[in-house]
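Architecture at a glance
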Protein chains: 2
Amino acid sequence: MMKLTVLGSTGSIGTQTLEVVQEQGNITIEALGAGRNIKLLEEQIRKFSPRYACVADSEAAKELQIAVADTETKVISGADGMEELAADPASDTVVGAIVGIAGLRSSLAAVKAGKRLALANKETLVTAGDLIRRARKESGAELIPVDSEHSAVFQCLEAISSERRKAELKRVILTASGGPFVGKKADELRDVTPEKALKHPNWEMGAKITIDSATLMNKGLEVLEAAQLFDVTVDQVDVLVHRQSIVHSMIETIDGAVLAQMGVPDMKLPIQYALTYPDRRPMQNNTLNLAEITALTFEKPDLETFRPLALAYDAGRMGHTMPCVINGANEAAVALFLQKKIGFLDIFEMLAKTMQAHEVIKNPTLTDIIEADRWAREMVMQNFARK
Amino acid sequence: MMKLTVLGSTGSIGTQTLEVVQEQGNITIEALGAGRNIKLLEEQIRKFSPRYACVADSEAAKELQIAVADTETKVISGADGMEELAADPASDTVVGAIVGIAGLRSSLAAVKAGKRLALANKETLVTAGDLIRRARKESGAELIPVDSEHSAVFQCLEAISSERRKAELKRVILTASGGPFVGKKADELRDVTPEKALKHPNWEMGAKITIDSATLMNKGLEVLEAAQLFDVTVDQVDVLVHRQSIVHSMIETIDGAVLAQMGVPDMKLPIQYALTYPDRRPMQNNTLNLAEITALTFEKPDLETFRPLALAYDAGRMGHTMPCVINGANEAAVALFLQKKIGFLDIFEMLAKTMQAHEVIKNPTLTDIIEADRWAREMVMQNFARK
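In short, a report on the structure. (Residues numbered from 1 in each chain as written. Chains lettered and ligands numbered in written order. Predicted model: local features only at pLDDT ≥ 70, side-chain atom pairs only at ≥ 80, totals over all residues. Heavy atoms only, no water.)

**Thoughts on the overall build of chain A**
Broken down by element type, chain A carries 18 helices and 12 strands. At 20 Å, chain A has a C-alpha radius of gyration in line with the 21 Å of a compact globule built from 387 residues. Along the first, second and third principal axes, the C-alpha set of chain A runs to 55 × 50 × 40 Å. In chain A, which comprises 387 residues, the share counted as buried stands at 60%. Long-range contacts, defined here as pairs at least 24 residues apart, represent 68% of the contacts in chain A between residues at least 6 apart. Put simply, chain A shows about 15300 Å² of open surface, and 49% of that area lies on carbon and sulfur atoms. The distance from the centre of the 44 positive side-chain charges to the centre of the 52 negative ones in chain A is 2 Å. (Helix = DSSP H or I, 4+ residues; strand = E, 2+ residues; numbered from the N terminus. Rg over C-alpha atoms; globule rule 2.2 N^0.38 Å. Buried < 20%, exposed > 50% of the residue type's maximum accessible area, 1.4 Å probe, protein only. Contact = heavy atoms within 4.5 Å. Areas by Shrake-Rupley, 256 points an atom, 1.4 Å probe, with all protein chains shown as cover. Lys, Arg positive; Asp, Glu negative; His and termini not counted. Charge placed at Lys NZ, Arg CZ, Asp CG, Glu CD.)

This is the structure:
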């Protein structure tokens, strides 16, 4: 019986994880963690009876405590609470589905505790790839990506035994839906509103990630994450626009073979795979019918228009704190855009300016990373104030 | 240093195998076997200095013996000679690239001798799948497919550990270029000449296989072969027309994940992989550029028009000697077509009639198989004489 902790349980990945848990039937929920949606968290507590629940917001935690006073679930709160649950030896697997850099500390705690971390939080590896790698080496923790792209690469890499991977993997090819504005040029993007940007063609996701998908920053973060996960340089990670989101990603080996993982767009598959790996378990109603789809298309991403992707490559080449800085700047800029305080293209400019102003700190500690993130957000706010 | 015997060395797969051998540099050629092209075989002998060469045709063998009298290579002849070379413990790997059922005996000999058999001869598994399976179990021989489709499936299956394959593999999906007549209906195929049928859109192959590709019988044989190779029923093997021949084939697992192997159409990759497996070695100038290809298309095969594929499924469901019979009938019918003695659609009719007339022999021995093959050919000739 797997003992699972789901951090970020009320978000898109979290709720789908709990659906998988219900379908699987052989998983106990040890703990749930959420930001502030205590209504949904209460429902989840009543359904899955976890030993613990953590709410990031302490006021909301107090409300929840009263609401679930009739249950066995103990309510705790804050980032410390999340970290505690991630490290708690009562669970063997942690789903890290907190959005943003807020997920970093609990991811690191799960890895340090030697657990399987099913990771849906991009920022963990983008901002603290080296720290995670060192912690994994010490604890032997397993890290299984939940992102559909990274899961696809992970699944394809299973075809090469781990000791041969370093020598035989040539390229990782991440596919990108291209977002709602693929094919458009910069002057067509000037007037993009949050409403328009939130209409993603293939996947249902949270607001922040959907905006990132429209700017291609999402793909940029995935490039940075892939380089860390699969131990390659960012220049070994290619991006290919594939509007149908059927080919979830690919690898190329040194002999020119390309292995791809495909499927209907359904996050439940990579979630389940991360939980049951190395086993696969049956899933229903998700048979891919390529004859019905008729064509899979591929095109180069437009790095000139969608500058965040190009900037993410730059950040990856510079390394150290730079990936953390572009990520922090992006979170702050996207928040401003969603509040309609800045325009769509202003996001791009904010990223570039923040990167230019940053002097990298080599081999950053967790404190350096948290500081670099804070600094990057502040830079964006300063730039905004000056506008 | 790998010691390699190439049977069928002057054919399309054989010559490409020798190109791979030259590029690899760490493989010794122990023996070469060819049908009757002694001019090319002599060149190969002078380049690779094998200890033995075998010519199927005994007259041609005598000629070759004189031609290479100044070399160290000993010339032998006939099917017995091929079998001897396949079994000779001096080599550890045998490439079985003889076309047609003529390749069966030497394939079986290599398997019985416990070698790695890099198999390009479809008929081995189509006609004698059970015999090969039993022989492999006894000898521990490795069987690695060289066909681009089966190699693709084999490569994808590496992503599932062997002990989980039986439980986790749901479907094998073989892709088919569709041949030169894809999209045509029966009445448009009536006047097809060998010249028209020999123009294959993507692959350069021998004449027999190219006709099989035009009738989709090639895919039918591949379905039968895949069922044997991957231990599934023919109904677990799907065929998808994919005109670009970029996706070489796919597998579907029980959770709905589809793994595909792609690449530029170049037989040297599966040949090299079969030789170097489980390692991959660099290959040059074969990088797949999906953005240039722009679209991969998929459609259902037209089983009504291309009846040989439907008949092959029937033969697979009936099993025992029936796959051997459809294969023998097809070889005879294609030969008649290439000699312009019968029309394109007559091939289809010959297959159906021969299958109808056959009473399967259960659990056939090698003798039963050779007899069923002979009988099927004779039936085709009788049908032809009656026309």
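**Considerations on the relation of the copies chain B and chain A**
Mapping chain B onto chain A calls for a screw motion: a turn of 180° about the axis and a shift of 0.0 Å along it, with 0.0 Å RMSD after fitting. Viewed as a symmetry operation, the transformation between the two copies matches a two-fold axis. Proximity to the rotation axis, assessed at the C-alpha, singles out B:Ala159 in chain B; its C-alpha lies 1.9 Å from the axis. A share of 100% of interface residues in chain B that are also interface residues in chain A marks the association as one of identical surfaces. (Least-squares fit on C-alpha atoms with pLDDT ≥ 70 in both.)

**Structural notes on the pairing of strand β8 (residues 169-176) of chain B**
Residue and element names in this part refer to chain B. Here β8 lies mainly inside the structure; 7 of its 8 residues are buried. Relative to strand β10 (residues 247-253), β8 runs antiparallel, the two sharing 5 bridges. The residue of β10 that forms the bridge with Ile-173 is Met-250. Here 5 bridges tie β8 to strand β9 (residues 237-241), and the two strands are oriented parallel to one another. Bridge pairing in β9 places Val-172 opposite Val-237. (Pairing = 2+ DSSP bridges.)

**Here we look at the sheet that holds strand β3 (residues 52-55) of chain B**
Two strands in a sheet stick together by hydrogen bonds in their backbones, pointing the same way (parallel) or opposite ways (antiparallel). All names here are of chain B. Spatially, β4-β3-β2-β1-β5-β6-β7 is the arrangement adopted by the 7 strands of the open sheet, whose pairing is parallel. Both edges of this open sheet fall to β4 (74-77) and β7 (142-145), since each of them pairs with a single strand only. Each strand axis lies, on average, 20° off the axis of its neighbour in the sheet, ignoring direction. The sheet contact formed by β3 and β4 spans 4 bridges and is parallel. Paired with Cys-54 across the strands is Ile-76, a residue of β4. Strand contacts of helix α5 (residues 104-112): β1 (2-7), β5 (93-96) and β6 (116-119), with the helix running at about 150° to β6, the strand carrying the most contacts. (Axes fitted to C-alpha atoms, helices over the stretch in contact; angles between N-to-C directions.)

**Focus on helix α11 (residues 207-215) of chain A**
An α-helix turns once per 3.6 residues; consequently, residues spaced three or four apart project the same way. All names here are of chain A. Counted residue by residue, α11 has 7 buried out of 9 residues, so it is predominantly covered. Looking at α11, one finds that the buried residues are Lys-208, Thr-210, Ile-211, Asp-212, Ser-213, Ala-214 and Thr-215. Along its buried surface, α11 packs onto α6 (122-139), α10 (194-197), α12 (217-229), α15 (307-318), α16 (322-338) and α17 (344-357).

**Considering the sheet that holds strand β2 (residues 27-34) of chain A**
Residue and element names in this part refer to chain A. Pairing within the open sheet is parallel, and its 7 strands lie in the order β4-β3-β2-β1-β5-β6-β7. Edge positions in the open sheet fall to β4 (74-77) and β7 (142-145), since each of these has one partner strand only. Sheet twist, expressed as the average angle between the axes of neighbouring strands with direction ignored, equals 20°. Pairing geometry for strand β6 (residues 116-119) and β7, over 4 bridges, is parallel. The partner of Ala-118 across the bridge, within β7, is Ile-144. Across the sheet, helix α3 (residues 58-67) lies against β3 (52-55) and β4, angled at about 170° from β4, the strand it touches most.

**Looking at the packing of aromatic side chains**
Counted by the stated rule, this structure contains 12 aromatic pairs over all chains. Their ring planes at 70° and their centres at 5.1 Å tell us that B:Phe154 and B:Tyr277 sit as a pair that is edge-to-face. Taken as a pair, B:Phe154 in helix α7 (residues 148-157) and B:Tyr277 in the loop between α13 (268-276) and α14 (290-293) lie far apart in primary sequence, 123 residues in all. Judged by relative accessible area, B:Phe154 falls into the buried class, the value being 13%. Ring plane angle 70° and centroid distance 5.6 Å describe the contact between B:Tyr273 and B:Tyr277, whose orientation is recorded as edge-to-face. Neither B:Tyr273 nor B:Tyr277 differs from the other in exposure class; each is buried. Joined through ring pairs, the aromatic side chains of A:Phe181, A:Phe337, A:Phe344 and A:Phe348 make up one cluster. (Phe/Tyr/Trp six-rings, centres within 6.5 Å; stacked < 30°, edge-to-face > 60°.)

**With respect to the interface of chain B and chain A**
Contact residues are listed per partner, giving 43 residues for chain B and 43 residues for chain A. Of the roughly 3500 Å² buried where chain B meets chain A, counting both sides, 56% is carbon and sulfur surface. Three residues, B:Asp255, B:Arg280 and B:Phe298, lead the burial of chain B against chain A; their summed loss comes to 19% of the area buried on that side. In this structure, the connection of chain B to chain A is made through 4 salt bridges. The partner of A:Arg164 in a salt bridge is B:Asp279, with the nearest N and O atoms 3.8 Å apart. On the surface where chain B and chain A come into contact, there are 16 residue pairs in polar contact (both at pLDDT 80 or more). Contributions of two or more residues to the side of chain B that touches chain A are made by α7, α8 (162-168), β8, β10, β11 (258-262), α13, α14 and β12 (295-297) of chain B. In terms of residue count, the dominant contributor to the side of chain B that touches chain A is β11(B) (5 residues). (Buried area = accessible area lost by both parts, 1.4 Å probe. Salt bridge = Lys/Arg side-chain N within 4 Å of Asp/Glu carboxyl O. Polar contact = N/O pair within 3.5 Å; in protein donor to acceptor, adjacent residues only side chain to side chain.)

**A word on the environment of B:Ala31**
Its location among the elements puts B:Ala31 in strand β2 (residues 27-34). Along the backbone, B:Ala31 and B:Ala53 are 22 residues apart, and their C-alpha atoms lie at a distance of 5.5 Å.

**Quick look at the side chain of B:Asp212**
Looking at the element boundaries, B:Asp212 is found in helix α11 (residues 207-215). Accessibility expressed as a relative area gives 1% for B:Asp212, which makes it buried.

**Quick look at the nonpolar core**
Membership of the largest hydrophobic core comes to 238 residues, with the highest contact counts inside it found for A:Phe344 and B:Phe344. Counting residues in hydrophobic clusters, the runner-up holds 26 residues, among them A:Val247, A:Val258, A:Ala291 and A:Leu296. (Core = buried A, V, L, I, M, F, W, Y, C linked by side-chain atoms within 4.5 Å.)

**Considering unusual backbone geometry**
All names here are of chain A. Put simply, Tyr-277 and Pro-278 share a cis peptide bond, and its omega is 5°. Of note, Pro-278 is situated in the loop between α13 (268-276) and α14 (290-293). For Leu-216, which is not glycine, the phi dihedral falls at a positive 70°. Tracing the backbone shows Leu-216 in the loop between α11 and α12. On the accessibility criterion, Leu-216 (4% relative accessible area) is buried.

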